Amino acid sequence: MDISSSSSTSCFDSSLDYLGWRRRNHETCSEQDVEEKDVTSFRIQNLIIRRMQDLEFACSKLFIHASLPGILKMKGELTIFRKEIKLFFKTDINESCINFLLDYYWLRDPGLVIDFIDLVSKILMELLLKSQISHFKTLEEKLMFLNSFIRFALLHGVDGQQLIDLLVHVEVVAINALRLICTRWFDRDDEEVCDEMGLQISRLLHEKINPTPRDDEEVYNKIGLQISQLIREKINPSDPQVRETYIHVLTASKLSRSSDTSALEKNKHLVADFMDYLIHNFMELLESCTSILVPIMNQMLKLHDGLRFLTILFRHQEKFKELPHGMKTLIGVVVCDAAIVIFSLSVSQIEEGLAKETDLALFHLVQVLKFIKAEVIDLITSISGFDFPRTNELGSMDILLENLKELQSCNEADDSIAFPYDQIHRVLEDLVFLRSFLGKIVDQCNQNKKLQAFWRRVMEVAYKAELVIDSTPFGDEREYCFDVVARDINLMKIEAQEIYGSMSDVGETKRVTKTFTPMPSQVTAATYNEDLVLLDNEVTTITHRLTGGSRQLDVVPIVGVPGLGKTTLANIVYSSPSVMLHFQIRAWCTVSQVYSRHNLLVQILGSIDSRSPEQYLKVDEDDLAVKLKQFLLRNRYLLVLDDLWDIEAWNLLERSLPDDANESRILVTSRLLNLQFKPGSKAHYLRHLTDEESWQLLQKKLFGNEGCPTKLHGVGSQIVKSCRGLPLTVVLAAGIFATTAQNFWEEVAKSLRSSIVLDEEYCMKTLELSYIHLPDDLKPCLLYFGVFQEDENVPVRRLLWLWISEGFVRKKTGKSIEDVADDYLKALVDRSLVMVTKQRTTSGAKACPLHDLVHEFCVEKAKEENFLHIIHRGKDLFSLTGLSNPHRVCDQNTRKLKIQHSMLFFPNLRSLLSFKEDELGFWLPKLLRVLDLRNLVFNAYFPMEVVLLVHLRYLALHIRGINSISNPINSISIPFAISNLSRLQTFLVRGDSIFYYVLPKTIWNIKTLRHLCITGFNYGFVFPVDDLEISPCLDHLNTLKLAIDPSSQSLQKLLTYLPSIRRLKCKRSEKSSEEFTRIDDKILVFDCLSQLESLNLSFFDGYGFKFPLNLKKLTLSYNHQPWSEISTIGKLPNLQVLKLRHGSFVGIEEWEMKEGEFPNLRVLKLIGVALRSWTASSDSFLHLEKLVVHNCPGLKDVPSCLGECLTLEMIEVKW
């Protein structure tokens, strides 16, 4: 590089010219300014020329003598150069110097300013990749906002002096950003300097770029504070002059005569970009508010919705051209007005009340946006479609029909309903016809594109109708009013009649909707511990490595591709008798891709400790690590780390795993082949199945022990070859063929062989085929598993209640809807899509996970069909913004997403499930049907925002009580307004303390209630029993956890109003002085509950019980009944499960089972029971399958006749 030794002025000017800068008029400079400028110029020249000469000399020596001394000389010169540049930036290039230089050298040309910002942004992104400091990303986004602002102003014809202030302002911001970049680069190893730099970046962002300042900025580290400070000083217009600059340019953009619609059409993507940044700034403003007045929030929501609508409009090039000229002009003006309003807002205004002028401007802006939306909504929906869910479409229409029938019946009795009766009746009739027609063309749609298009249009207008109807209670006027929707539905009906006529002529209408009908399946249900791999030698090899070899702690990794059965193999070994006997402690931990040290420790401790793992959830992770080490010390232990994705999880746990040279082992399953745990640890590579092994597995799954019919051997062989030795694929294929008629096996087998892909891709292809072959009713049920975390043991009862609330489960005559939902789950298990890890003691699954590939398929398929969207990161949120929002959103591990975002981004949302802690101040979408906030803690109060959600069917909350010394057992009152939730089916409360949840009298008005449950150690719901005579019955209540004072006979009164209870947990709410006194007339009668199957009674000291004969499961604790009463229980003819816990019986500690008692008992659990003698005869256990005895030190032995029980499968004893 050759730099001439000309005068300082020419050198400085040349440098600026090289950078693309231009000199201002020198005649305006004073002699003092020129002198100061020359001094700075000389320093730049001296630094560059002098150091470049030394570098050139070092380079020449290196080229002549390519040796180590030459390299060291070169490195030394570069180090000196770096230090001098660093010193120069510290002493010369400070803020005052920048302002001085900009006074004489500014870019003037907007194009050059834009290029300069692009250059600075590029440098920021490169630095971000190297430093991983997220605050640089924030600064880069703010610079691009300014870039977009300039482009937007130019597009609207703003130029000359009108633009100068903005250009100068942007230059100041960019130069300051560049200065901080240089400081960060030269001091990248100095933490203190980096922290100080971050502070300045923060100040720049909030004071010179963002439209409004944060009134209360809470910063968690120095870098964050510095970045906030930099933004505040240089970007946010906290300075009125900066705000005035923004508004001045926007006003000029609005009024400029140079702006024309042709330029807007050609460059409308620039407007869309500007609006994206504008909406982002608007979101930041609302996030800064701790509280928002209701009227202001409603206006903000409408403004946000209108701006998003315009953004979508600008993104569609061809359709935008179709708008009238006047509409395009209006939209251009509205964008400017919206930006002016947003830049005029402040946090204090939003929280305390808008200024009159701003309030009026906001009101007018919202009205104009509403007008635009109403005028162009049909155009937009014709482009992008309504973006409705494409799974369970007919189920959604069924819900709409139910709502219309309900609305019709209400309208007959109430003239205040918004829609005329005759109009509702016509729409209902038309939709019933369309629903029937769609059910008949399901098969034809797959081959007929015209029918597919017709189907989409019908579903689109049905969803619109649903939105209009459901929005009515809130006074919302939808752009597509009910009259228009009713007209469109009628037109669809007419078209359907024409299609039906033409199809009937050629005999094409053959079937009705493909729905699920429960039937016995050939396939064996896939359970978690089932031997699917059929590789006995693999089991033997792993077992030998765990129980033999070195005495030192060793790691045994099982590795292989997905679907090979790594977890299944690990579980078989883990549960084998030889391994259980060898290790004193065993623990299982599922790691997966998303994990934390705290979560891993809780899993392990919960696996070791027989008590509830919830006791560890609030414990500090360092304390958990110490506790784990104490558990494991001097014990031979086996720890399974399942589904490990990186070595970091092992590093987090290693220090807590002692090596006592006692043959302890760590068993790992992973897809990754290159993980290194300990020196010498050798991975076990799980092989694929041979064709013969695959054939054995397929036959076992399809035909059990009967074997495959000879005629199917040929196609069976084809199926096996298609499965490529992957056990998961074999099992999935078995699930498909088990529900396919045998004469169609050949056709299905061809589709399995139709492509050549990798193993994992092939598993996904097989899953796709399994999904295609599912009945329509089961598809949404499978995809819904995506709302749960990968590898999560999904609680079945909660899953089924969610399915029902979502409308996936169809009512069937003679069956409860819960039983139908259970049939759906069994069907998915039969198809090997769902595994079962825990069985209920009566019947059915208690917990069920998915294989990680099946879970991955569900998440991707649900997203593809707009059925469910999972938000893992903040950026996922912005990818979902469209004309019509997703119907279901599940928030998993999103740190920056607040619940109020759900209202802003998803106003039409129907289901919101949040599995993370969040902030309390929130607004919720009004149309929600499902709301699960079990990880959002409400301290001793009920969130009143919830009672506004009149369409809610499922509500799960975490209400934590606050105990006091004076009143250790407190109560929390559920508000009277809960009766607004007239469609509520399930109300779940999660609590951490012993609390009563007092229900109001209005609870009797929610006739749809099916499940009232509390998890944790809470006592239960307290029902109002006053004035029961005038209260309606809760005819559908199925599950209840109840707390009640039995002394007032209130329990007997209450039960008569709950005729459909099937599962009842009942605890006494008040202690009596007669705890151990038996009184004849104190009998609690439950035999009025003809449908009761499961009963749990606690703390009813001194009371007797009269049980219904249909009872199948009974759990007793702390009731202190005399042992003589056990015979009363023994006479229950249908009792299958009996659990006797601490304090259930007292007195003579003898249990003599009499002949004929417990005729159908299958499971008996004795936990902490005071029992010394237990006798029985050989006919006492005709059907007993499982006996559990825990912590019964007085009991020396069990009846010897148990050895003669042919049905007994397991005896579990713990002292």
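The model shown is predicted, which means the values in this text are computed figures rather than measured ones.

**Q** I would appreciate a short explanation of helix α30 (residues 713-722) in the present structure.
**A** Each α-helix turn comprises 3.6 residues. Residues three or four places apart therefore point the same way. All of the buried residues along α30 are V715, G716, I719, V720 and S722. Buried residues of α30 fall within an arc of 160° about the axis and therefore sit on the same side. R724 occupies a position one or two residues after α30 and carries a positive phi of about 60°.

**Q** Help me understand the sheet that holds strand β10 (residues 845-848), please; the structure alone is not making it clear to me.
**A** The sheet built from three strands is open, its strands ordered β8-β10-β9 with antiparallel pairing. Strands at the two margins of the open sheet, each flanked by one partner only, are β8 (794-795) and β9 (838-839). As defined by bridge partners, β8 adjoins β10 across two bridges and the pair is classed as antiparallel. Bridged to V794 within β10 is C848.

**Q** Teacher, can you tell me more about the nonpolar core here?
**A** For soluble globular proteins, the rule of thumb is that nonpolar side chains tend to be buried together. Membership of the largest hydrophobic core comes to 90 residues, with the highest contact counts inside it found for F987, F1023, L1064, I1129 and W1151. Top contributing element to this core by residue count: strand β14 (residues 930-939), with four residues. Filtering out sequence-adjacent residues up to four positions away, F987 remains in contact with F942, L955, L957, I974, I978, H1011, L1012, C1013 and F1021. Listed in part, the 76 residues of the second largest apolar core include F282, L323, C336 and L345.

**Q** Would you explain unusual backbone geometry in this entry?
**A** What you tend to see is this: most non-glycine residues have negative phi, and most peptide bonds are trans. One non-glycine residue, D643, lies in the positive phi region at around 60°. You can call D643 buried: its relative accessible area is 7%.

**Q** Whenever I open this one, the environment of P658 confuses me. Can you help?
**A** Among the secondary structure elements, P658 is positioned in the loop between α28 (648-654) and β6 (665-670). Put simply, P658 and L628 are 30 residues apart on the chain and 9.6 Å apart in space, counted from C-alpha to C-alpha. In this structure, P658 is in contact with L553, K629, L632, L633 and Y637, ignoring residues within four places of it in sequence.

**Q** Sorry, what's going on with the pattern of salt bridges here?
**A** When their charged atoms lie close together, side chains carrying opposite charge are able to pair. Under the counting rule described, the total for this entry stands at 31 salt bridges. The partner of R435 in a salt bridge is D398, with the nearest N and O atoms 2.9 Å apart. Of the two residues, R435 is situated in helix α19 (residues 421-440) and D398 in helix α18 (residues 393-413); the sequence distance between them amounts to 37 residues. Notably, a salt bridge pairs D777 with R810, separated by 2.8 Å at the nearest N-O pair. Of this pair, D777 sits in the loop between α33 (759-772) and α34 (778-783) while R810 sits in the loop between α35 (796-806) and α36 (817-830), and the two are 33 residues apart along the sequence. The exposure class of D777 is buried, given its relative accessible area of 2%. Among the ionic contacts, a cluster of salt bridges with common partners joins D398, R435, D777 and R810.

**Q** How do you make sense of helix α12 (residues 268-287) when you look at a structure like this?
**A** When the terminal C-alpha atoms of α12 are compared, their 29 Å separation across 20 residues agrees well with the 28 Å that a helix rising 1.5 Å per residue should span. Most of α12 is tucked away: 14 of the 20 residues are buried.

**Q** I'm lost on the packing of α19 against helix α21 (residues 449-471) in this one. Help?
**A** The description of two helices packed together rests on the angle between their axes and the distance between the axes. The interhelical angle for the contact between α19 and α21, taken along N-to-C directions, is 145°, at an axis separation of 11 Å. Considering only the axes of α19 and α21, their crossing is left-handed. Here L434, F437 and L438 of α19 lie close against α21, whose contacting residues are F454, W455, V458 and M459.

Procedures and definitions
Residues numbered from 1 in each chain as written. Predicted model: local features only at pLDDT ≥ 70, side-chain atom pairs only at ≥ 80, totals over all residues. Heavy atoms only, no water. Buried < 20%, exposed > 50% of the residue type's maximum accessible area, 1.4 Å probe, protein only. Helix = DSSP H or I, 4+ residues; strand = E, 2+ residues; numbered from the N terminus. Arc of directions from axis to C-beta. Pairing = 2+ DSSP bridges. Core = buried A, V, L, I, M, F, W, Y, C linked by side-chain atoms within 4.5 Å. Contact = heavy atoms within 4.5 Å. Salt bridge = Lys/Arg side-chain N within 4 Å of Asp/Glu carboxyl O. Expected span 1.5 Å × (residues − 1). Axes fitted to C-alpha atoms, helices over the stretch in contact; angles between N-to-C directions. Left-handed = near helix turned anticlockwise from the far one by under 90°.

On their own, these measurements won't tell you what the molecule is for.
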